[in-house]
Structure formats: structure tokens, C-alpha cells
Amino acid sequence: AMQAGRLNTRFTLQTPATDQDAVGQPTTTWTDLALLWGDARMVSGLETIKAGADTSVVKASIRVRTGLPFNAGQRLVADDGTVYQVNAVLPDLARRQHVDLVCEVVS
């Protein structure tokens, strides 16, 4: 059985909406969908070099309970302000109790 105590980080699940600003440029606004508890585990820090600058891409796997419409492109904002971009949704096909969200830390 899943340990409820392991879901020890509170997140706000947000979904993007594309709009236009005053001069017609596309802007993304984020709408809160739900508050949920999850267990964030850092998977790796991938060092990449872009345009001569060192960038570190931090990947994380966040385990959450099922029951919400999770989609790639959403984001999770932790209570400490860390923003996780959801890249993939991996359901638990065996027990259907949780979903693992494959994320990238964006700020």
C-alpha cells in the first residue's frame, strides 16, 4: 500500500491558457486547477551547454494520487516556490493508485 506520509510536499497544479497582450503578442497565463500533495524525487542534474553558457537541467519525478486530469504542459508549483514543468504523465497501470509526473525544474 502507498504510504500517505510520503506525499509530504504541497503543490498547486496549474494549466496554461494562451492569450494575447495589448499589442497582440501571445502570452501564457496560468490557472490554478487544484491543490494536491506529492512526493518529489530528483532524478538527475543534466549539464547542458547552450550558447556558451552552462545550464543545468534538473529532472524530477513527482508522485501524486490519481483522480485529476494530469497532462503534459501543465506545471506544479511547490509551496517553496519551485516550479516544475510537466513533460510526461506515467500512470500506475497495476494498481491505479498514483501517477508519476516526469518534470523539469524551470525556476
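Before going into details, it helps to say that this report is about the structure given with it.

## Quick word on the environment of Leu68
Part 1 of the reasoning: By the secondary structure assignment, Leu68 is in the loop between strand S3 (53-65) and strand S4 (75-78).
Part 2 of the reasoning: The class of Leu68 is partly exposed, set by a relative accessible area of 33%.
Part 3 of the reasoning: For the pair Leu68 and Ala34, spaced 34 residues apart in the sequence, the C-alpha separation amounts to 8.4 Å.
Part 4 of the reasoning: In this structure Leu68 touches Leu13, Ala34 and Leu36, once residues within four positions along its chain are discounted.

## Thoughts on the environment of His98
Part 1 of the reasoning: Following the sequence through the fold, His98 ends up in strand S6 (residues 98-105).
Part 2 of the reasoning: Residue classification places His98 among the buried positions, given a relative accessible area of 10%.
Part 3 of the reasoning: Reaching out from His98, the side chain makes a polar contact with the side chain of Arg63 at a distance of 3.3 Å.

## Side note on unusual backbone geometry
The bulk of non-glycine residues show a negative phi, and the bulk of peptide bonds are trans.
Part 1 of the reasoning: Even without being a glycine, Arg96 presents a positive backbone phi close to 55°.
Part 2 of the reasoning: Note on placement: Arg96 falls in the loop between strand S5 (83-91) and S6.

## Some remarks on the pairing of S6
Part 1 of the reasoning: Where S5 lies against S6, seven bridges are found, and the strand directions are antiparallel. By the bridge assignment, Gln85 is partnered in S6 with Glu104.
Part 2 of the reasoning: Hairpin connection from S5 to S6: six residues lie between these consecutive antiparallel strands, with Arg96 at a positive phi of about 55°.

## Remarks on the pairing of S4
Both faces of the sheet carry side chains from a regular strand, because those side chains alternate between them.
Part 1 of the reasoning: Here four bridges tie strand S1 (residues 9-20) to S4, and the two strands are oriented antiparallel to one another. By the bridge assignment for S4, Thr12 is matched with Val77.
Part 2 of the reasoning: As judged from the three bridges shared by S4 and S5, these two strands associate in the antiparallel manner. For Val77, the partnering residue across the bridge sits in S5 and is Val83.

## Structural notes on the side chain of Asp92
Part 1 of the reasoning: Mapping Asp92 onto the fold places it in the loop between S5 and S6.
Part 2 of the reasoning: Comment: no salt bridge for buried Asp92; closest opposite-charge side chain is Arg95, at 5.0 Å.
Part 3 of the reasoning: From its side chain, Asp92 meets the backbone nitrogen of Ala94 in a polar contact 3.3 Å long.
Part 4 of the reasoning: Contacts of Asp92, omitting those with residues within four sequence positions, involve Gln97 and His98.

## Remarks on the pattern of salt bridges
Part 1 of the reasoning: Summed over the entire model, instances satisfying the criterion amount to six salt bridges.
Part 2 of the reasoning: A salt bridge links Asp79 to Arg10, with the nearest nitrogen and oxygen atoms 3.1 Å apart. A residue pair is termed long-range when its members are at least 10 positions apart, and Asp79 in the loop between S4 and S5 and Arg10 in strand S1 qualify at 69 residues.
Part 3 of the reasoning: Notably, a salt bridge pairs Asp100 with Arg63, separated by 2.8 Å at the nearest N-O pair. Of this pair, Asp100 sits in strand S6 while Arg63 sits in strand S3, placing them 37 residues apart in sequence.
Part 4 of the reasoning: Connected through shared salt-bridge partners, Arg6, Asp39, Arg41, Arg63 and Asp100 make up one network.

Cut-offs and rules
- Residues numbered from 1 in each chain as written.
- Predicted model: local features only at pLDDT ≥ 70, side-chain atom pairs only at ≥ 80, totals over all residues.
- Heavy atoms only, no water.
- Helix = DSSP H or I, 4+ residues; strand = E, 2+ residues; numbered from the N terminus.
- Buried < 20%, exposed > 50% of the residue type's maximum accessible area, 1.4 Å probe, protein only.
- Contact = heavy atoms within 4.5 Å.
- Polar contact = N/O pair within 3.5 Å; in protein donor to acceptor, adjacent residues only side chain to side chain.
- Pairing = 2+ DSSP bridges.
- Lys, Arg positive; Asp, Glu negative; His and termini not counted.
- Salt bridge = Lys/Arg side-chain N within 4 Å of Asp/Glu carboxyl O.

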